[in-house]
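Structural features, examined
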Amino acid sequence: MADKKLQFAIYWAASCGGCDVAILDVNEKILDIAAAADIRLWPVAMDFKYKDVEGWADGEIDVCLFNGAVRNSEQLHLARLLRRKCKVMVAFGACACFGGIPGLANLHDRKSIFEAVYGYTASTVNPEGTTPQPHLKVPEGELTLPVFFDDVYSLSQVIPVEYYVPGCPPTPDTIMTAVTAIVTGSLPPPGATVASDKSVCHDCKRKKSDKPTIKRFHRPFEIVPDPEQCLLEQGFTCMGSASRGGCGALCPAVNMPCRGCYGPMPGSLDPGADALAAMTSILAASDDATVAAETARLLDPLGTFYRFTLPVSVLGRAPKAS
Amino acid sequence: MEPRVGVFVCHCGTNIAGVVDVARVAEAARTWANVVHAEDYKFMCSDPGQAMVKQAILRHKIDRVVVAACSPRMHEATFRKACAEAGLNPYLFEMANIREHCSWVHEDKQAATLKAIDIVRMAVAKARLLEPLETRSVKVEPKALVVGGGVAGIQAALNLANAGIKVVMVERQQSIGGRMAQLDKTFPTLDCSACILTPKMVQVAQHPNVTLYTCAEVEEVSGYVGNFDVTIRRKATYVDPDVCTACGICLEKCPKKTTSEFEEGLTTRKAVYRLFPQAVPGKPVVDRESCTYFVNGKCKVCERFCEPKAFRWDDTDKVVHERVGAILVATGYDLYDASALGQWGYGRFPDVITGIEFERLNNATGPTGGRILKKDGTEPKSVAILHCVGSRDRNYKEYCSRVCCMYSLKFAHLLREKTAATVWNFYIDMRCFGKGYEEFYNRLLHEGVKFVRGKAAYVTDQPANDDEKGRLVVSAEATTLGEVLRVPVDMVILASAVTPQPDAPAVARRFGMSLSPDGFFMEKHPKLEPFSTATDGVYLAGACQGPKDIPDAVAHGAAAASTAMALISRGEVEVEAATAQVTEGACSGCKVCQDICPYAAIGFDGPKKVATINPSLCKGCGTCVATCPSSAIVGRHFTDQQVLAQISALFAG
Ligand SMILES: Cc1cc2nc3c(=O)[nH]c(=O)nc-3n(C[C@H](O)[C@H](O)[C@H](O)COP(=O)(O)OP(=O)(O)OC[C@H]3O[C@@H](n4cnc5c(N)ncnc54)[C@H](O)[C@@H]3O)c2cc1C
Ligand code: SF4
Ligand code: SF4
């Protein structure tokens, strides 16, 4: 390792760009990374062409940090291509790990998404009703666009993945833990997630009562939270207990309920169901009417409980229209 | 190593094979991965059937067994035992229910066979992932709790105590005896109720193995079969029973009267009282609610006359803790509030009375000294007895109360014997099913009683002619004559329905029992285990399980006692191994699970900051498994992987 620099590739698929920025968030440590590794591909920061990647020998790259979910043919192509070229594939960030926020598009399909985006959203002006077409003949020849899928996939749903670095985005500490492990060759066995095996609650400093109950669900803007007490017990839909820790419980520390961006707990099949079952189990309501009234206050349960994980949960997606 | 699954498909005579093509099910199973052996047989639960399983385990080196037959509630234990006898861990057995879930509920043979194949495929999918579990034994506390001191509870307690088992009996009234103590004569033999009951009451109270708590109720139960911890609240009685000589002078001297519950409100008792003259225990207690001293702050007349100085005005409730191995619930029954049945005039017409009131009228220690009198003190010349008041009626109680026909006949006999009255019985069907009961009915047919087959519709005091003036008129359709009768009488006796105790739901919750649709406590099996409940170690005795006459209540009590005795004399019980388990590494101590276990099996390890589960208390219900947000609790024998494999197998067909 010492004589030859590590070869890195960083790629983004269906993502917001936050993960790339997060890499810069490690501040001056980026220089250590640059010293230890050649960054051969990083579309957000450097110019490159597909044929550059195609030209690499198989396995030429040591590690690929792949962020973003996979929802079109171009992303799928690049995922497969990079898989061939890279020895170690890392799903980087919540979207690559679990589908992330783009994964909530699994509540719909291509047709309904296009109808909304190119049809009737408040900011749409599209009198001709033009929608993206994968192929278009123009006098100069044929133009192509990637094919948009009905489903959003996590990275490991389309290619084999060695490691997972969760987070929306991963915290600088998590990134440095992962990079240090790569650079020093002390990677855990394949399949591992570079984060804690305990939940966010484990790291959260808030006080929990012996028999927690929820009297009423609240959204963060509705009440001022007590700064000491567990947010869940105050009725916030804090996902801490159903979410993998490793973030250092940053959100609850600043009065913001955990959103669950580090994904499901190890062994969990459906983090959304886990959280929903827990919260409703401790709801202090003894009759059906109160239960109905209180649970009706859980607005957007899917978006809340599956915010980052819909594609990898048992639920997976909403039934397709056809 | 790959699992080796053996599949055994049962015909259950024609119960299954009549609808499901069992040979085809076995044939399908042979084609599935890991299934190394599959066969079908007439009765898998028979000795030869079990022997087949054992032989196959040895011959084909089977390490997972699937029996496709009836409900696991019937035979899971049978086959687990057979597996264990062949050296296989009993938890490597899985039962596929193709009888209750399939053949019994379907007619289409083709479709039922396909469904049975699906069910068995699911069981095999789970079986592949089964893991051996170790069963554990716990010691059984050689003591039993009997709740309720009616005749059923008394019989149960006596049987247990005579077998050398310590018994704690808790009765909420001042005396044991229950409803039977209120009865005068008992059908069909007409022997005096008190004469046969009081010796048993005395026997149980004096038994060296019995601790009797009256004026007491069970407040809390925790623990599990063999080791229940019971909290009993003994109400303050303000009389020290160790000092009181039961001379009864206070009963005479107390100036304060209040209605007597034992006499069904037909007369009064004093504020210091015993339930009835032969009450056991015989020491009086003070009723705080009506006692002048407690109401007004002065009186204490009783104390002045009490020679041994037994009164303790500062007495308080006492809480007693007992640890018992078995619990027998014998809390008896209540009666339908007849005033809620307006059409029969109870509460409006003084001479419309209930059966239990009639028992008291008829009793020598009752309000009339045993004379059957109307409220005006005269003897009735004509009496109507209405059967099925509130029973066998969809508007009230759908079930038959099982004792009313017989006691109505008893009343008719007693009326004919003691008075010159004409007696009318209005009945729907005459239900005289017990030993000597039909004979008793036949005897009554010759005693000049008028039997009308037809339910009385209403009782009115509005005369339609001179003859009816000033009398009660019973209207009924005599179905055998096909005409509507109006019968003027002087007294009406309502055979009101036997109902569950009003606090049955709360009592059920306290002892971990459930209620049947009729509101009585639910037995484990309606035919084969009417004296057990779904909670191990909790048994039922007497009319709390459903209406019963005395012989049935006594037999039921004895049966419950013998089942409890079997548990106690075995000395130890195996507790369920399919329990929930906390994966300590995954638990982050969020405490969400702490209060949700219905068996209070979950605790918390403070220093380690993780939840703990007491495997002896855990019933494996899975509530915490579903609740745990961190997937840190595994329901053993029903793991996520096993359940998902079953679901996938269902859709793989
Ligand atoms: C009018 C009438 C006439 C009858 N005549 C006859 C007859 O002639 N022959 C015959 O065979 N049967 C007769 N029966 C039926 C008979 O009364 C019952 O079979 C018998 O009483 C059932 O006994 P048991 O012990 O199950 O219940 P019960 O007699 O009801 O005893 C239950 C006991 O439990 C106590 N208890 C209840 N709840 C609690 C609690 N939570 N904690 C502590 N203690 C509690 C009660 O105070 C009571 O002492 C008659 C019934 C009626 C209504
Ligand atoms: S639920 Fe949220 S606030 Fe409560 S302990 Fe867990 S992370 Fe902290
Ligand atoms: S104090 Fe008075 S009212 Fe109370 S029991 Fe004694 S005599 Fe009766």
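Here we summarise the structure given alongside this text. (Residues numbered from 1 in each chain as written. Chains lettered and ligands numbered in written order. Predicted model: local features only at pLDDT ≥ 70, side-chain atom pairs only at ≥ 80, totals over all residues. Heavy atoms only, no water.)

On to the nonpolar core, then. A general tendency of soluble globular proteins is for nonpolar side chains to be buried together. If you look at the biggest cluster of nonpolar residues, it comprises 102 residues, and the most contacted ones within it are L160, L328 and I633 of chain B. Residues in contact with I633 of chain B, not counting those within four places in the same chain, are A580, Q581, V582, C593, I613, C624, V625 and C628 of chain B. (Core = buried A, V, L, I, M, F, W, Y, C linked by side-chain atoms within 4.5 Å. Buried < 20%, exposed > 50% of the residue type's maximum accessible area, 1.4 Å probe, protein only. Contact = heavy atoms within 4.5 Å.)

What follows covers the packing of helix 2 (residues 47–59) of chain B against helix 3 (residues 72–85) of chain B. Residue and element names in this part refer to chain B. Here helix 2 crosses helix 3 at 35°, and the two axes come no closer than 9 Å. Helix 2 and helix 3 meet at a crossing whose hand is right-handed. Two secondary-structure elements touch here, helix 2 through Q50, K54 and I57 and helix 3 through T78, F79, A82, C83 and E85. (Axes fitted to C-alpha atoms, helices over the stretch in contact; angles between N-to-C directions. Helix = DSSP H or I, 4+ residues; strand = E, 2+ residues; numbered from the N terminus. Left-handed = near helix turned anticlockwise from the far one by under 90°.)

A word on the environment of D52 of chain A. Residues and elements named next belong to chain A. Relative to the helices and strands, D52 is located in helix 3 (residues 50–55). When its relative accessible area of 37% is taken as the criterion, D52 is described as partly exposed. Taking the C-alpha atoms as reference points, D52 and R40, separated by 12 residues in sequence, lie 9.5 Å from one another.

All names here are of chain B. If you trace the four strands from one edge of the open sheet to the other, you get 2-1-3-4, paired in parallel fashion. Two strands in the sheet have a free side with no partner beyond their single neighbour: strand 2 (35–41) and strand 4 (93–97). Across the sheet, the mean angle from the axis of one strand to that of its neighbour is 15°, orientation sign disregarded. Pairing of strand 3 (residues 64–69) with strand 4 involves five bridges; the strand directions are parallel. Bridging across to strand 4, V67 finds its partner in M95. Its contacts with the sheet place helix 2 against strand 1 (5–10), strand 2 and strand 3, and it is angled at close to 165° to strand 2. (Pairing = 2+ DSSP bridges.)

Here the focus is the state of the cysteines. All names here are of chain B. Using the criterion set out here, one finds one disulfide over all chains in the structure. Here C192 pairs with C195 through a disulfide, and the sulfurs are 2.2 Å apart. Its S-S torsion of about 90° marks the bond between C192 and C195 as right-handed, since a negative value means left-handed. For C192, a relative accessible area of 24% gives the class partly exposed. No disulfide involves C12; its sulfur sits 5.3 Å from the nearest other cysteine sulfur, which is in C10. What makes C12 buried here is its relative accessible area of 12%. (Disulfide = S-S within 2.5 Å.)

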